[in-house]
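# Fold and contact review
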Amino acid sequence: MQVLAASEPEALPSLPLYQPGSKADYKWSSGLGAGTDKKKAKMENMINKAYEQVITFRRNIFDRLPTGDATKKFIDAQAVLFRQAHDGSEKQLIALKAIAIMEPLLLQKPKRRTKIKMIKKALEARLKLWNEGQIDVLLENAIKIQLGLPPRRPHVHDPLKLSNTFAKLIFHGKVTQALRLLKLSEDGEVQLFTQDVKDRLHSLFPLPLPSPQQDRSCFMNGPMPSPPTEEEFLALDAETIVEAARKTKGGPGVSGADSSFWKHKLLNFGKSSHNLADAMASFARQLATRHLDPVGLEAFLANRIVALSKSDDRTRPIGIGEVFRRIICKAILSVIKPQIRTDIGLHNLCGGQPGGIEALVHRMRDQFETLGAEAILLVDAENAFQTLNRRATLHNARYLCPNFAVALSNIYRSPSRQFGVRGLNDFFEISSQEGTTQGCPFAMLMYALGTIPLIQKLDRLDDWNDDNLPAPRQGWYADDSQAVGSLDSLEVYLERLTTLGRPYGYHVGESKTVLIVKPDLLDQARRQFADKRVQVVTGAKDLGSYIGEDKEEFIRTKVTELLGELNTLTTIASTQPHAALAAFTHAWKHKLTYLARTTPRISEFLQPLEDAIKDELIPALFAIEATDTLPPNLRDILALPPKLGGLGLTNPVKMAPGAYQDSIKATQDIRAQMAKGFEYDYDYEAQRQEKYSRREDKKTQQTHSRNQIRTQAMQQGDLSTQKILNRAPHGAEVFSSSS
């Protein structure tokens with residue numbers, strides 16, 4: 001059911017009120033008792049002062065917590081603080097900030113290489129000071145350590161060092177960070193905080209429009225749905241937190257503890273780990289069902305900002321929040337994600353719909369190439385995530401997705417602090433007051449909800465009938481708006497999107513907008529869109545795939561880029577074969593898989609990649625000399641999955657046709673629903689059965705390939721190949737099925 005904005009309200013609606021944090025007196029510990037407001041104020045001042053200092057620290061905490069009672073007491077102290085962050089608690093306003101300063105103050109490495117015995121001794125002494133409330137002493141010691149850190153060493157290209165760094169990242173589960181080392185282009189690279197980059201970052205975080213300038217038609221009205229209750233989140237327990245921690249990846253927030261650190265803390269310390277997970281689950285339930293005082297959430301919402309390079313010398317700001325915030329947000333989503341998918345529907349396919357991005361690419365290509373539409377308009381917004389109308393989105397979420405609205409409001413109702421840090425004397429801060437934060441687990445879902453009213457306005461048939469034009473068929477993925485139809489209808493669509501989008505914070509980037517037309521309409525389209533800065537072409541990149549004419553150049557460019565990464569991976573394989581193999585099978589090949597799943601007829605262009613894998617990567621993995629004689633069927637064996645005797649070293653040429661057909665089949669249901677409208681009916685059981693069927697079909701194909709290799713080996717008298725296949729799991733069963 002669509003919920004559209006009604007007539008303009010007299011005044012802008014406000015978000016629900018929250019209960020201000022408790023001002024009651026409290027007892028910090030046995031060493032610092034209650035009794036006077038002066039003592040309490042002193043404690044709060046010390047924590048606030050410490051936080052303002054630790055946000056400038058370079059990361060210098062222990063890589064792992066040591067075993068023993070001191071660590072368990074450290075974890076128990078954090079569990080107590082999570083429970084004290086509850087609504088109405090005495091320490092509600094400082095509990096989360098106290099958690100954020102614990103790692104930088106208590107876990108600072110006194111030396112670059114510190115023995116376990118010294119770590120335990122330091123942690124015990126610092127815990128004693130913490131329990132006595134001597135935050136200022138801990139802070140003074142931490143600052144001394146920070147001032148003594150050696151300067152950052154300039155990056156020097158050393159193949160051996162690259163291999164060792166790559167292997168370390170892979171074996172610590174930091175696969176994305178490791179793959180970044182393979183890239184040759186600067187796109188997506190972390191930028192240094194030069195003054196130019198700082199100025200660009202400041203310009204990317206606009207102030208919200210004052211209330212008198214807000215378009216009141218962007219705010220939905222009518223009967224307000226009921227807010228979520230705590231009973232709806234009873235399934236969010238300690239197990240949910242642990243599972244969310246397992247799935248959380250990435251670097252540290254302001255406090256310096258990364259995802260691996262928090263996983264270790266939540267999984268390896270018995271009862272203490274369980275108590276911490278249970279306390280986090282209790283706080284998560286409150287975050288999802290009660291409007292909390294933003295003052296107490298200040299440290300919870302803060303981000304360490306990173307500037308990533310984009311094409312055309314632009315910058316993409318990424319906010320890296322505290323890992324405990326990311327875990328809690330993921331835990332909340334794990335409980336309500338199915339309902340969120342239903343509420344967002346097919347309006348914007350970044351809402352967690354399985355196969356959404358592939359379905360959109362296939363549908364747009366079908367509409368353009370098969371069903372005879374004149375053109376496709378690919379619209380990209382300027383600085384989309386930072387300019388989304390936050391106030392309207394949070395209000396409208398209460399209508400569109402009520403069981404998610406409270407959690408979303410708690411995270412985004414107040415400005416969040418973004419910190420750029422390179423050391424005590426190299427620090428700056430930006431206030432994020434509009435839009436959403438790229439890097440936040442809620443970001444994509446919030447953006448999808450924020451665009452739903454705009455998408456519905458663009459789709460209203462009576463508006464199009466006034467111009468006697470058929471409404472173009474639109475599709476969205478995050479800020480990428482796509483529409484397919486006639487040139488006339490797309491011209492009107494672009495004008496309306498430009499006008500209607502501004503109040504919602506969607507600002508069309510005309511220079512980034514592309515119109516793909518049929519070759520015979522190219523001249524007409526250029527004349528018709530001459531007054532706009534739109535690129536008019538016969539083929540262009542679309543969401544990592546390609547639509548239209550002349551895809552060969554796009555594929556060759558992509559293959560050249562992947563070849564460069566593959567060459568670097570081959571160099572690493574000569575000294576770190578296990579890490580290189582893990583990177584290829586668990587991450588790198590999926591870049592190629594996505595291209596193959598979304599772009600038809602590309603096998604012939606992938607031969608250079610197959611040649612590099614066969615002639616360079618495989619010999620490097622096995623330390624095979626050029627003069628060595630290889631088993632004749634080795635390449636086909638290695639392409640098989642490990643359970644069938646291979647290593648999962650995919651053959652791109654053979655993989656591509658099947659991957660595309662798999663994607664077409666997997667997205668068939670969602671594409672059929674897109675043709676009918678925005679309602680989304682996800683049949684979990686049917687999709688589970690379909691997924692199982694596809695998996696069994698693939699397994700049958702792989703088994704058939706294995707049996708063919710075995711038959712050839714027997715005919716050729718190739719004993720080495722037979723031995724390899726005989727050692728594979730279930731080898732006897734597979735062999736008997738082929739005889």
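A short tour of the structure in this document, coming up. (Residues numbered from 1 in each chain as written. Predicted model: local features only at pLDDT ≥ 70, side-chain atom pairs only at ≥ 80, totals over all residues. Heavy atoms only, no water.)

### Some remarks on the packing of helix H10 (residues 259–267) against helix H11 (residues 270–289)
The test is simple: For helices, the axis comes from a line fit to the C-alpha atoms of the stretch in contact; other axes are also lines fit to C-alpha atoms, and the angle between any two N-to-C directions lies between 0 and 180 degrees. Here a helix means four or more residues in a row that DSSP labels H or I, a strand means two or more in a row labelled E, and each is numbered from the N terminus. Between 65 and 115 degrees an angle is taken as roughly perpendicular, under 35 as roughly parallel, over 145 as roughly antiparallel, and anywhere else as oblique. We call two residues in contact whenever any of their non-hydrogen atoms come within 4.5 Å of each other. Following the grouping adopted for this structure description, the nonpolar residues are Ala, Val, Leu, Ile, Met, Phe, Trp, Tyr, Cys and Pro, the charged ones are Asp, Glu, Lys and Arg, and the polar ones are all others, Gly among them.
At a minimum axis distance of 6 Å, the contact between H10 and H11 shows a crossing angle of 110°. For the element pair H10 / H11, the angle class is roughly perpendicular. Contact residues: Trp-262, Lys-265, Leu-266 and Leu-267 in H10; Ser-273, Leu-276, Ala-277 and Met-280 in H11. The residue makeup of the contact of H10 with H11, split by class, is six nonpolar, one polar and one charged.

### Topic: the side chain of Gln-474
As for its placement among the helices and strands, Gln-474 is situated in strand E6 (residues 473–477). When neighbours within four sequence positions are excluded, Gln-474 is seen to be in contact with Met-364, Ile-455, Leu-458, Asp-459, Gln-482, Ala-483, Tyr-493 and Phe-678.

### Observations regarding the nonpolar core
For soluble globular proteins, the rule of thumb is that nonpolar side chains tend to be buried together. Threshold: In this text, buried Ala, Val, Leu, Ile, Met, Phe, Trp, Tyr and Cys residues form a nonpolar core when linked through side-chain atoms within 4.5 Å. We call a residue buried when its accessible area falls under 20% of the maximum for its residue type, exposed when it is over 50%, and partly exposed in between, using a 1.4 Å probe and counting protein chains only.
Phe-82 and Leu-515 are the most contacted members of the largest nonpolar core, which has 135 residues in total. If one sorts the elements of this core by residue count, helix H13 (residues 323–344) sits on top with eleven residues. The residues contacting Phe-82, other than those within four sequence positions of it, are Leu-96, Ile-99, Trp-262, Leu-276, Ala-279, Met-280, Phe-283, Phe-324 and Ile-328. The next biggest cluster of nonpolar side chains, apart from the first, holds 42 residues, and it includes Ala-167, Val-559, Ala-596 and Ala-659.

### Quick look at helix H6 (residues 159–171)
The criterion, for reference: Expected helix span is taken as 1.5 Å per residue step, with the number of steps being one fewer than the number of residues.
In this model, H6 (13 residues) spans 18 Å end to end at C-alpha, consistent with the 18 Å of a helix rising 1.5 Å per residue. Just downstream of H6, Gly-173 is the residue with a positive phi angle, here 80°.

### Some points on the pattern of salt bridges
Where we set the bar: Note on definitions: salt bridges are taken to be side-chain nitrogens of Lys or Arg within 4 Å of carboxyl oxygens of Asp or Glu.
Using the criterion set out here, one finds 22 salt bridges in the structure. Glu-491 serves as the salt-bridge partner of Lys-532, at 3.8 Å between the closest nitrogen and oxygen. On the criterion of sequence distance, the pair formed by Lys-532 in the loop between helix H21 (522–528) and strand E9 (535–537) and Glu-491 in helix H20 (residues 487–501) is long-range, its members being 41 residues apart. Given a relative accessible area of 12%, Lys-532 falls into the buried group. With relative accessibility at 18%, the residue Glu-491 sits in the buried group. Each of Glu-52, Lys-97, Glu-298, Arg-417 and Glu-429 takes part in one network of salt bridges that share partners.

### Quick word on a negative patch on the surface
The cut-off we apply is this: Each patch is assembled from residues with relative accessible area greater than 30% and no salt bridge, linking like charges that lie within 9 Å and nonpolar side chains (Val, Leu, Ile, Met, Phe, Trp, Tyr) that lie within 5 Å. Here the Shrake-Rupley method, with its probe set to 1.4 Å, supplies the accessible areas, and only the displayed protein chains count as covering residues. This count recognises Lys and Arg as positive and Asp and Glu as negative, with His and chain-terminal groups excluded. Where a charge sits is defined by one atom per residue type, namely NZ (Lys), CZ (Arg), CG (Asp) or CD (Glu).
Taken together, the side chains of Glu-369, Glu-549, Asp-550, Glu-552, Glu-553 and Glu-604 present a region of like negative charge at the surface. Mapped onto the elements of the fold, Glu-553 is located in helix H22 (residues 551–573). Residue class for Glu-553 comes out exposed when judged on its relative accessible area of 61%.

### Considering unusual backbone geometry
In this structure, Leu-543 takes a positive phi of about 50° despite not being glycine. Of note, Asp-550 is a non-glycine position whose phi angle comes to about 60°, a positive value. Summarising the element assignment, Asp-550 is placed in the loop between strand E11 (545–548) and H22. Look at Asp-550 and you get exposed, because its relative accessible area is 52%.

### Some remarks on helix H16 (residues 390–400)
Where we set the bar: Under this definition, polar contacts are N or O atom pairs within 3.5 Å; protein pairs additionally need one hydrogen-donor-capable and one acceptor-capable atom, and for neighbouring residues in sequence, both atoms have to be side-chain atoms.
With nine of eleven residues buried, H16 lies mostly within the body of the structure. Buried within H16 we find Arg-390, Ala-392, Thr-393, Leu-394, His-395, Asn-396, Ala-397, Tyr-399 and Leu-400. Taken together, the buried residues of H16 touch H13, helix H17 (402–412), strand E5 (426–432) and helix H18 (443–459). Where H16 begins, the side chain of Asn-389 points an oxygen toward the backbone nitrogen of Arg-391, at a separation of 3.3 Å.

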